[in-house]
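Notes for the structure review
Chain by chain, the residues:
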Amino acid sequence: MKIAIVLGTRPEIIKMAPIIKELESKKVDYFIVHSGQHYSYNMDQVFFEQLNLPKPTYNIRIGSGTHAEETGKALIGIEKVLLTERPDVVLVQGDTNTTLSGALAAAKLMIKVGHVEAGLRSFDRGMPEELNRVMVDHLSDYLFAPTRKAEENLLNEGIKDGIFVTGNTIVDAVYQNLNLVKDVNVVEMLDVDADDFFLLTLHRQENVDNRQRLSNIVKGLQLIGQEFDVPIVYPIHPRTKRRLKEFGISLPSFIRLIEPLDYLSFLKLESSAKLILTDSGGVQEEACILRVPCVTIRYNTERPETLDVGANVLAGTEPETILEKTKMMLSRKRAWPNPFGDGKAAERIVEIVLSEAK
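In this report, we go over the structure that sits alongside the text. Predicted, not measured: the structure shown is a model, and the values here were computed from it.

The next subject is the nonpolar core. One broad rule of soluble globular proteins: the nonpolar side chains tend to lie buried together. Formed by 62 residues in total, the largest nonpolar core has its most connected members in Ile-5, Ile-19, Leu-91, Phe-144, Tyr-263 and Leu-269. Broken down by element, this core gets its largest block of residues, 7 residues, from helix α1 (residues 10-25). Once residues within four sequence positions are removed from consideration, Tyr-263 is found in contact with Arg-10, Ile-14, Phe-47, Gln-50, Leu-51, Ala-173, Val-174, Asn-177 and Glu-286. Counting residues in hydrophobic clusters, the runner-up holds 27 residues, among them Phe-198, Val-230, Tyr-234 and Ile-236.

The buried fraction of strand β1 (residues 2-7) is high, at 6 of 6 residues. Burial of β1 is two-sided: the residues Lys-2, Ala-4 and Val-6 facing one way and the residues Ile-3, Ile-5 and Leu-7 facing the other way are all buried. Where β1 meets strand β2 (residues 29-34), 6 bridges bridge the pair, whose relative direction is parallel. Within the sheet, the bridge partner assigned to Ile-5 lies in β2 and is Ile-32.

Here the focus is unusual backbone geometry. Non-glycine residue Lys-27 carries a positive phi angle of around 55°. Relative to the helices and strands, Lys-27 is located in the loop between α1 and β2. Note on Lys-27: relative accessible area 74%, which makes it exposed. With a phi angle near 60°, Asp-195 is a residue other than glycine that sits in the positive phi range. Here Asp-195 shows up in the loop between α8 (186-189) and β8 (198-200). Classification of Asp-195 as partly exposed rests on a relative accessible area of 39%.

On to the sheet that holds β8, then. Taken together, the 6 strands give an open sheet; going across it, the order is β10-β9-β8-β11-β12-β13, and neighbouring strands pair in parallel fashion. Edge strands, defined here as strands with exactly one partner in the open sheet, are β10 (255-258) and β13 (312-314). Strand-to-strand twist in this sheet, taken as the mean axis angle between neighbours without regard to direction, amounts to 20°. Here 4 bridges tie strand β9 (residues 232-235) to β10, and the two strands are oriented parallel to one another. Counterpart to Ile-232 in the pairing with β10 is Ile-255. Where helix α13 (residues 281-290) meets the sheet, its contacts fall on β11 (275-278), β12 (294-296) and β13, and the angle it forms with β11 comes to roughly 165°.

Following the criterion strictly, the structure yields 0 disulfides and no others. Free cysteine Cys-288: the closest other cysteine sulfur is in Cys-294, separated by 8.9 Å.

Here we take up the environment of Leu-275. Along the chain, Leu-275 falls in strand β11. Linking Leu-275 and Met-329, residues 54 residues apart in sequence, is a C-alpha distance of 8.0 Å. With residues up to four places along the chain from it excluded, the contact list for Leu-275 reads Phe-197, Phe-198, Leu-199, Val-292, Pro-293, Val-295, Thr-326, Met-329 and Leu-330.

With respect to topology, 7 strands assemble into an open sheet ordered β3-β2-β1-β4-β5-β6-β7, the strand pairing being parallel. Looking at the sheet topology across the chains shown, the edges are occupied by β3 (58-59) and β7 (163-165). Sheet strands touched by helix α3 (residues 67-85): β1, β2, β3 and β4 (89-93). Its angle to β2, the strand with the most contacts, is close to 160°.

Scanning all chains against the criterion turns up 25 salt bridges. For Arg-303, the salt bridge goes to Glu-302, with nearest N and O atoms at 2.6 Å. Of the residues examined, Arg-303 reaches a relative accessible area of 4% and is grouped as buried. Owing to a relative accessible area of 2%, Glu-302 belongs among the buried residues under this scheme. Three or more residues are tied together by salt bridges with common partners; here these are Lys-15, Asp-95, Glu-117, Glu-129, Glu-130, Arg-133, Arg-204, Glu-285, Arg-298, Glu-302 and Arg-303.

So, how was this worked out
Residues numbered from 1 in each chain as written. Predicted model: local features only at pLDDT ≥ 70, side-chain atom pairs only at ≥ 80, totals over all residues. Heavy atoms only, no water. Core = buried A, V, L, I, M, F, W, Y, C linked by side-chain atoms within 4.5 Å. Buried < 20%, exposed > 50% of the residue type's maximum accessible area, 1.4 Å probe, protein only. Helix = DSSP H or I, 4+ residues; strand = E, 2+ residues; numbered from the N terminus. Contact = heavy atoms within 4.5 Å. Pairing = 2+ DSSP bridges. Axes fitted to C-alpha atoms, helices over the stretch in contact; angles between N-to-C directions. Disulfide = S-S within 2.5 Å. Salt bridge = Lys/Arg side-chain N within 4 Å of Asp/Glu carboxyl O.

Coordinates in, geometry out; function isn't part of it.
Here it is in structure tokens:
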């Protein structure tokens, strides 16, 4: 059996890493196709190095562009690879344009598709990621749902076969790498104290491409700065950096802007933060696993399990609400359970693929 791993962005690399390591340990014939959707050293190559992953067999180097440009270039490039390699199964992860391109290319060639992290839904079709999730799930033969809620979403859409509740590979990744971050000195280098700073991530299209929304979020951060005497550390995303400049929006001085971080440094910051403010789905999961209070700067989430256990709250983008929800999360005890599994999702996924795709 030959398996293709298709990925293209930072979150896909992190969440596919445990599966790649499991394939290695079982000596399975596989290869990696990298779309190049994320292509800078800090957003891409450093993750392969730190996670001790083999270099991709193929790199299509699509770069950034419009949704159509990214998806179209990736679709063409991935199809060429699949026609050459003829794998038995293509594994894709998450909800990116690379994910959709990999699934569509494989399905059109009658190659089995496995979707890692299937069944997530925000129920907001205004998010491009939601469109990708829905389409990939309906193209897939094997749907690796991380939770029962995700399974329920798939069943509600009429998908009956090929669903497996495996847990989320992000738990595997966090557990496998948490010991490695003990010697990472990023907190000291930033001259902040553990459990005495807030961590911010902000990159979603619906937030940063909308001038009014982005302005409101910054006002909310200003209110937080006035209320709490702690720095906010922000590894700024290239997209947000461009938009702030384009819109002429300045960030308050207590926000410590830094370049995007490697995985281990970011994991160390997450685990050391007093609170995390984010619009990222993956960061919501990691904060929950690490038991760090999370405030999500969105009106919906495809990770409702984080809300259910009390690890996370939706704040939207209104300034006063962002402050109010921050106060709320800081008052909560950090004792919630982890709803995303036991750290053995990759093992289950590989076992299922090897047994089902014979």
